[in-house]
Amino acid sequence: METIDIIEKKDPQEKVTPVEKATETVSITGSQAVLEAFIAEGVETIFGYPGGAIMPIYDALYDYHDKIKHILVRHEQGGIHAGQGFARASGKTGVVFATSGPGATNLVTGLADAMIDSTPLVCITGQVYAHLLGTDAFQEVDVINITTPVTKWNYQVTDATEIPSVLAKAFYIAGTGRPGPVLIDITKNAQLQKFDYEGYIKCTHIRSYRPKPIVRKNYVEQAAKLINEAKKPFVIFGQGIILGNAEKEFKAFIEKGGLPAAWTILGLSALPTDHPQNVGMLGMHGNYGPNVLTNECDVLIAVGMRFDDRVTGRLDKYAKQAKVIHLDIDPAEIDKNVKSTVPVWGDCKETLPMLTQLIEAKQHPEWMAKFNEFTQKEIEVVIKNELNPTTDELTMGEVIKILNELTNGDAIIVTDVGQHQMVTCRYAKFNETKSNITSGGAGTMGFALPAAIGAKFGAPDRTVVAIIGDGGVQMTIQELGTIMQTSTDVKILILNNQFLGMVRQWQQLFHDKRYSFVDIESPDYVQVAKGYRIDGQRVAERANLKEGLKTMLNHNGAYLLEVMVGKENNVFPMVPQGCSVAEIRLS
Amino acid sequence: MKQEFTITVYTENQIGLLNRIAIIFSRRKINIDSMNTSPSEIEGIHRFTIVIDETEEVVRKVCRQIEKQVEVLKAYFNTNDEVVWQEMALYKVSTDEIVEKVKVERLLRECGARAIAIRKDFTVFETTGHREETNKLIKALEPFGLIEFVRSARIAIIKESHGFHAKLKEFEQKEPSEEVIENEFLNQQEEVFSM
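Residues numbered from 1 in each chain as written. Chains lettered and ligands numbered in written order. Predicted model: local features only at pLDDT ≥ 70, side-chain atom pairs only at ≥ 80, totals over all residues.

### Comments concerning the overall build of chain B
And step 1. In terms of regular secondary structure, chain B is built from 8 helices and 9 strands.
And step 2. Considering chain B as a whole, with its 195 residues, one finds that 28% of them fall into the buried category.
And step 3. When contacts within chain B are restricted to residue pairs at least 6 apart in sequence, those whose partners lie at least 24 apart make up 73%. (Helix = DSSP H or I, 4+ residues; strand = E, 2+ residues; numbered from the N terminus. Buried ≥ 20, exposed ≤ 12 C-beta atoms within 10 Å, placed from the backbone. Contact = placed C-beta atoms within 7 Å.)

### Structural notes on the pairing of strand β17 (residues 464–469) of chain A
Residues and elements named next belong to chain A.
And step 1. Of all 6 residues that make up β17, 6 are buried, and the element is covered over most of its length.
And step 2. Here β17 shows a buried face lined by V464, A466 and I468 and a second buried face lined by V465, I467 and G469.
And step 3. As paired elements, β17 and strand β18 (residues 490–496) share 6 bridges and run parallel to each other. Residue pairing in the sheet places V465 in a bridge with K491 of β18. (Pairing = 2+ DSSP bridges.)

### What about the packing of helix α3 (residues 76–90) of chain A against helix α18 (residues 448–458) of chain A?
Residue and element names in this part refer to chain A.
And step 1. Two numbers describe how α3 lies on α18: the axes approach to 6 Å, and their chain directions differ by 40°. Relative to α18, the element α3 lies oblique. Where α3 crosses over α18, the handedness of that crossing is right-handed. Residue-level inspection shows G78, H81, A82, G83, Q84, G85, F86, A87, R88, A89 and S90 of α3 in contact with α18, the latter providing P450, A451, A452, I453, G454, A455, F457 and G458.
And step 2. Across the contact of α3 with α18, the residue classes tally to 10 nonpolar, 8 polar and 1 charged. (Axes fitted to C-alpha atoms, helices over the stretch in contact; angles between N-to-C directions. Parallel < 35°, antiparallel > 145°, perpendicular 65-115°, else oblique. Left-handed = near helix turned anticlockwise from the far one by under 90°. Nonpolar A, V, L, I, M, F, W, Y, C, P; charged D, E, K, R; others polar.)

### Considering the interface of chain B and chain A
And step 1. Facing 24 residues of chain B, the contacting portion of chain A comprises 26 residues.
And step 2. Contributing elements (two or more residues each) for the side of chain B that touches chain A: α1 (17–27), α2 (56–68), β4 (72–79), α6 (165–172) and α7 (184–187) of chain B.
And step 3. Among the residues making up the side of chain B that touches chain A, the classes are represented as 10 nonpolar, 4 polar and 10 charged.

### Some thoughts on the domain arrangement of chain A
Residues and elements named next belong to chain A.
And step 1. As far as domains go, chain A holds domain 1 (12–197), domain 2 (217–370) and domain 3 (394–564).
And step 2. Domain 1 and domain 3 are separated by 30 Å when their C-alpha centres are compared.
And step 3. Residue-level contacts link 26 residues of domain 1 with 26 residues of domain 3.
And step 4. Among the elements that make up the side of domain 1 that touches domain 3, the one with the highest residue count is α3 (12 residues). (Domains from an automatic or database assignment.)

### Quick word on the packing of helix α16 (residues 396–407) of chain A against helix α17 (residues 419–427) of chain A
Residues and elements named next belong to chain A.
And step 1. Running from N to C, α16 and α17 cross one another at 45°; their axes reach a closest spacing of 9 Å. One element, α16, and the other, α17, form an angle in the oblique class. Crossing of α16 over α17 shows right-handed handedness. Mapping the contact onto sequence places M396, G397, I400 and K401 in α16 and Q419, H420, V423, T424 and Y427 in α17.

### Some thoughts on the domain arrangement of chain B
Buried accessible area, meaning the area lost when the parts come together, often serves as the stated size of an interface.
And step 1. Assigned domains of chain B: these are domain 1 (3–83 + 156–188) and domain 2 (86–151).
And step 2. Distance from the C-alpha centre of domain 1 of chain B to the C-alpha centre of domain 2 of chain B: 34 Å.

### Some points on α17 of chain A
And step 1. In terms of burial, α17 of chain A is largely enclosed, as 9 of its 9 residues are buried.
And step 2. Burial in α17 of chain A covers these residues: Q419, H420, Q421, M422, V423, T424, C425, R426 and Y427 of chain A.

### Some points on the sheet that holds strand β6 (residues 153–157) of chain A
Residue and element names in this part refer to chain A.
And step 1. Taken together, the 6 strands give an open sheet; going across it, the order is β3-β2-β4-β5-β7-β6, and neighbouring strands pair in parallel fashion. Each having just a single partner strand, β3 (69–72) and β6 make up the two edges of the open sheet. Direction aside, neighbouring strands of the sheet carry axes that sit 20° apart on average.
And step 2. Across 2 bridges, the pairing between strand β2 (residues 45–48) and strand β4 (residues 94–98) is parallel. Across the sheet, G48 pairs through a bridge with F97, a residue of β4.

Here it is as structure tokens:
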């Protein structure tokens, strides 16, 4: 949202060079204070887009370019999704810049996505001069009120002296407890204002905010007792393990207890996919066994997950027979959807080892075998045809299977939303944590391409593959420009079924095949990529698939591979909306 | 079963927090019967008093969402039995009517009202009390031409509360004690869980 700002008057002599040490009082501008805060917080990468109301910060950034990398995106939504990808791949807080008005409103989708997927972000938006607030000034939008429902915290700064403490709070709030997005709206006068800077003090405590609840031992003891008495215990885990850096603790827990464990879409990669106790994916397009056996287990142990409706299906028929142990850091999640028998409120990095210590070392071979029975059935009816199809048409599953062989499960896979997302999450192999990046709770189409850019900056040494459908890629395709300009090595794999496939699947199954506006045309993606100086190719034949994927992965730099897949393939198994998890359909 | 609940929220004084709290209700399509913001027993700490008609389960979940807000220190919910509360109402009537009709005077006495302004043309009465009491006076005054009526939000005192001073001190510490971090599960565990 670039504009020419005619109000701005600035004395060039006022320009201050960046402050090296803040031990004694120095006079700096609000904009410099923002960047000093970033340096103190270890921020190295910002995703952003300049404009009138944030120009003083960009002006200050000019002097900090050797310390802070700024990635110029093509749209603010792309910027915030890149920030999310960065945060999810690195475990650090993503930082995003946008200007006032439309620049800020373009962040809203990403904020909502980060809010529901608990992604730590600090977004800085420029705002009109304080004296213009409420006057319908050019590019003035009430950003604070628009973003209130989709931020963990937000604050408007109108006085530069507040900047160091407000940013310290912002980083503290975004990254602690259940993480989330924070937005700081800074008026232009505050960005320009000079003030006596006394240095940056990191925030470690806010009296009204308690990110880490105190763990009560008696609850852990009761949970352990339930687990020890259980004949058919079942662990379901979510992103809480990744956010809590508790992958090791989690693995030790399930291994000692001999507990089968299934993941939510955001929990994927917290436990290696080929771990013998990893029994698969939960939810609407999850695996057969984990869904059916949710309604047969005697103790359900939920770790860092929030019982989303896509996981539970019909709530009044969900795990009614089971005693429920719910481990979560956010007290508002306890009993929100599923009533728990024992709530273990706390950071799972602390609670899991406490539980592990108290549970008996056990195996549940018969119970584990039951999962295998269901897996065999699912292989027979669904997986076999998906991974080794006998038809001429390519399936999404076989693309992922070959990708697994070539990456050996070491890549970061970023997915968009729809059929390709479900298929990828079902079949992709992961060895390492923080490897699956997708828009889970919000289901934001257009997420993958910008998020993959961010992921590459967050984990520069890893291969990043963005897997996107032909619908989603057209929502944020402008970010190819960002890839071009920054030479970011992102592998773009478009699975093109020439439909808005997931909507089409629902229209087929639940709306008598009345295909209403799902027939979407695509441009020649290889040509589009070429226009952005990105190499690519299109594969429509099975014979060329492996070679195509190899070329993509071995290519030096970004590469776009479009794979034409079957037009009317469906994702199964499926728990139809309004049905119980036990009513999962294989076809 | 739906019933009236009074939610008491202790918060920091922060612009925008009112909106953050209000949208928790509007998002769930819960009508707020009354909402009052005021200072509390502690300088700098604000106190919201919110009245809604809902089931206990909904109220509990809503309170958790309120407490989740960064600037909220604590949210309590209570049934009407657990609080002492008042609402204030003002009534404007024509002075001529009042002077002429002695009955009104008797009614005012019965309703515990006071005249807080008397002019030639109008008189303003005030009552404080529960909803039934303030409603009673409306009914009584209506036949004589009630020109204006306004009622305040409910303000309430929690009978069992010892105030917020001690809690705030704990909150100010980095590691508050278990007792101060209240949670219905943690405090009424035997009701929730038994082996």
